[in-house]
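# Architecture at a glance
Okay, here's what each chain looks like letter by letter:
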Amino acid sequence: DAIILVRQFRPAVYYRDVIKNTDDTNKKSSEYAGFTLEMPAGLVDKTGKSRVQIAAEEVYEETGYRVDAKDLTLINSYRSSVGLIGSLHDVYYVQVKENLREGRGGGLAEDGENIEVVYLSTEDVDDFLRNSDKVVPAGLLFGLQWFQYAKATHKLPPSSEQPRAKL
């Protein structure tokens, strides 16, 4: 069993860690300089579609797994960058099987996305959470901690559970 993540180039991270940072030669020389590990995600910018429909589309675009929006379970919503823009983020959970893989993922070339699908073994989540040398957003840490809690308390939703949020 594995958690599907994406490794994505983020210009702001590259600038901060490589261009501006002159002290850390490891980050400058890394083949993944400027890349972050994240949950599949996207902008809510598609007119006429709900947030959960957009989330399902992003899962396909970034990972190649075709999931039905009705199978996504809303875990929580939170705001990030509250001192600047207050972005609203929804965190969903969905179980996938290999037979749902219909594409290669990687994002949309026309949007300039550079995305690699990464599989994190469920057995390695604890070590991943303790390893501070990864460049990850807080939302991923939240999602992984939720997963660990839900797994330990036997509260992982079944793949057919409906989202709990009003859409």
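Keep in mind that what you see is a predicted model, and the values were worked out from it rather than measured.

In this section: the packing of aromatic side chains. If you walk through the whole model with that rule in mind, you get six aromatic pairs. Consider the rings of Y78 and F142, whose centres lie 6.2 Å apart with planes at 55°: the pair is tilted. Here Y78 is found in strand β3 (residues 73-80), whereas its partner F142 is found in helix α5 (residues 138-152), with 64 residues between them in sequence. Owing to a relative accessible area of 26%, Y78 belongs among the partly exposed residues under this scheme. Through pairs of rings, three or more aromatic residues link up here, namely F9, Y14, Y32 and F35. Geometry around Y32 places R7 over its ring, the cationic atom sitting 3.9 Å from the centre. Geometry around Y60 places R66 over its ring, the cationic atom sitting 3.7 Å from the centre.

Looking at where V117 falls in the secondary structure, it is placed in strand β5 (residues 115-121). Measuring from C-alpha to C-alpha, the distance between V117 and G105 comes to 7.1 Å, with 12 residues separating the pair along the chain. Filtering out sequence-adjacent residues up to four positions away, V117 remains in contact with I4, L5, E62, T63, R101 and R104.

Our focus in this paragraph is the environment of D124. Relative to the helices and strands, D124 resides in the loop between β5 and α4 (125-130). In sequence terms D124 and A2 are 122 residues apart; their C-alpha atoms lie 9.0 Å from each other.

So, on to α5. An α-helix turns once per 3.6 residues; consequently, residues spaced three or four apart project the same way. Between its first and last C-alpha, α5 extends 21 Å over 15 residues, near the 21 Å set by a 1.5 Å rise per residue. When α5 is considered as a whole, its buried residues turn out to be G139, L140, G143, L144, W146, F147, Q148 and A150. Turning to α5, the residues buried within the fold contact β1 (2-9), β2 (35-38), β3, β4 (87-93), β5 and α4. Positive backbone phi, approximately 55°, marks H154, located one or two places after α5.

Parameters and conventions
- Residues numbered from 1 in each chain as written.
- Predicted model: local features only at pLDDT ≥ 70, side-chain atom pairs only at ≥ 80, totals over all residues.
- Heavy atoms only, no water.
- Phe/Tyr/Trp six-rings, centres within 6.5 Å; stacked < 30°, edge-to-face > 60°.
- Helix = DSSP H or I, 4+ residues; strand = E, 2+ residues; numbered from the N terminus.
- Buried < 20%, exposed > 50% of the residue type's maximum accessible area, 1.4 Å probe, protein only.
- Lys NZ or Arg CZ within 6 Å of the ring centre and 35° of its normal.
- Contact = heavy atoms within 4.5 Å.
- Expected span 1.5 Å × (residues − 1).

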